[in-house]
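Structural description and commentary
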Amino acid sequence: MTLTTAPTTPPVAPATPPAAVPATSPAAVPATAPAVVPGVVGETVAGSGRGVVPVAPVKLWICPNDDLAPALADLLAAHWLDEQERQTCGRFLFERDRRQYLVAHTLVRRALALEAGLAETDLVIWRSSRGRPFLRPSPGGLPRGGAHLDFNLSHAGGYNLLGIVRRHRIGVDVERLDRDEQALATITQTFARAEREWVAGAPPGRLRERRVLRLWTLKEAYAKARGLGLGLPFDEFCFTLDDERGVRAFCPPADDRGGRWRFVELEPVPDVLAAVAVPADDQQDPVLHLHYGFPWSRAAARPVVLPDPVGDPPA
């Protein structure tokens, strides 16, 4: 049996998106009607209206593990994942970790298949020397146009975040607000001095944890977009954030000669923080298409305007 294309209706109904966090939370993004972090993303839009055909925007999928039944996840993984992915899956000691991996990687193959126009089993995923996965280039171009798709995956606490772009690179990260004080202190030690001072300005508790994980997700997303991951020291670049306005400024590391980036912060469900990083590009329509749930079909997404670029090349 070969599973290559999704049915027009899903075998199981996607989970209903959870209720939104209160609007008073500065990073709140209701899952039922994804909004934006005030001052970070901007207003939702219906089209570009620029008079030119824009490059395909950033695509983002937020998928909870519960959106894919365990038996169905096993079935899809058995037919879609490659040998290396199946071996990795078999090494997990705990079922919760195995399930997280299965849902995350079937999500990757399904979304890439929809974007590329290829069967899930025909996708060849290579990995860089640093372990970053990427789709093998197609010399003749992809059936749905173009020759390049870059993607990035993150998962934590039962949620999976996947970003796909057709130009440049993308980095994403998702984290839950569930860290203890020692873990937060360890994370904070990796930050630049100005960031550590900003974190220390919040009282211990939820507000300080939110500041730490907002910075952490942004730094992870940027480092992953660069293809460096934790190989890039986190104290070599710095974000200036505002509780009400998101990313105000960005000081890139010395080796980033481009320097200009767009950063998005989201809270798709209460206490789950997500960040997206993409290089600034005047030729790309600054729109993010936000999807919730497992991508059974090319369903309509919610378009959201990306924020203005921040950062300048080092002198």
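Anything mentioned here points back to the structure above.
Residues numbered from 1 in each chain as written. Predicted model: local features only at pLDDT ≥ 70, side-chain atom pairs only at ≥ 80, totals over all residues. Heavy atoms only, no water.

Topic: the overall build of the protein chain
The line we're drawing: Put simply, DSSP H or I for four residues or longer makes a helix, DSSP E for two residues or longer makes a strand, and each gets a number counted from the N terminus. We call a residue buried when its accessible area falls under 20% of the maximum for its residue type, exposed when it is over 50%, and partly exposed in between, using a 1.4 Å probe and counting protein chains only. Contact between two residues is taken to exist if any of their heavy atoms lie within 4.5 Å; hydrogens are not considered. Working definition of accessibility: Shrake-Rupley area with a 1.4 Å probe, residue cover restricted to the visible protein chains.
A count of helices and strands for the protein chain gives six helices and twelve strands. Expressed as a percentage of the 315 residues in the protein chain, the buried residues total 49%. The long-range share in the protein chain, meaning contacts at least 24 apart out of those at least 6 apart in sequence, stands at 67%. By element, 53% of the accessible surface of the protein chain is carried by carbon and sulfur atoms, the whole surface being about 14,400 Å².

Regarding helix α5 (residues 193-200)
Rules: Summarising the geometry, the arc corresponds to the directions from the helix axis toward the C-beta atoms.
Residues of α5 that are buried include every one of Glu195, Trp198 and Val199, and no others. For α5, the angular spread of buried residues about the axis comes to 100 degrees, placing them on one side. The exposed residues of α5 that point more than 90 degrees off its buried face are Arg193 and Ala200.

Overview of the packing of α5 against helix α6 (residues 206-225)
Just so we agree on the cut-off: Axes here refer to lines fitted to C-alpha atoms; in helices the fit is confined to the stretch in contact. Angles between the N-to-C directions go from 0 to 180 degrees. Oblique is the label for every angle not falling under 35 degrees (roughly parallel), over 145 degrees (roughly antiparallel), or within 65 to 115 degrees (roughly perpendicular).
Two elements in contact, α5 and α6, have axes whose closest approach is 8 Å; the angle formed by their N-to-C orientations is 155 degrees. With respect to α6, the axis of α5 lies roughly antiparallel. Together, Glu195, Trp198, Val199 and Ala200 of α5 and Arg208, Arg211, Val212, Arg214, Leu215 and Lys219 of α6 make up the contact between the two elements.

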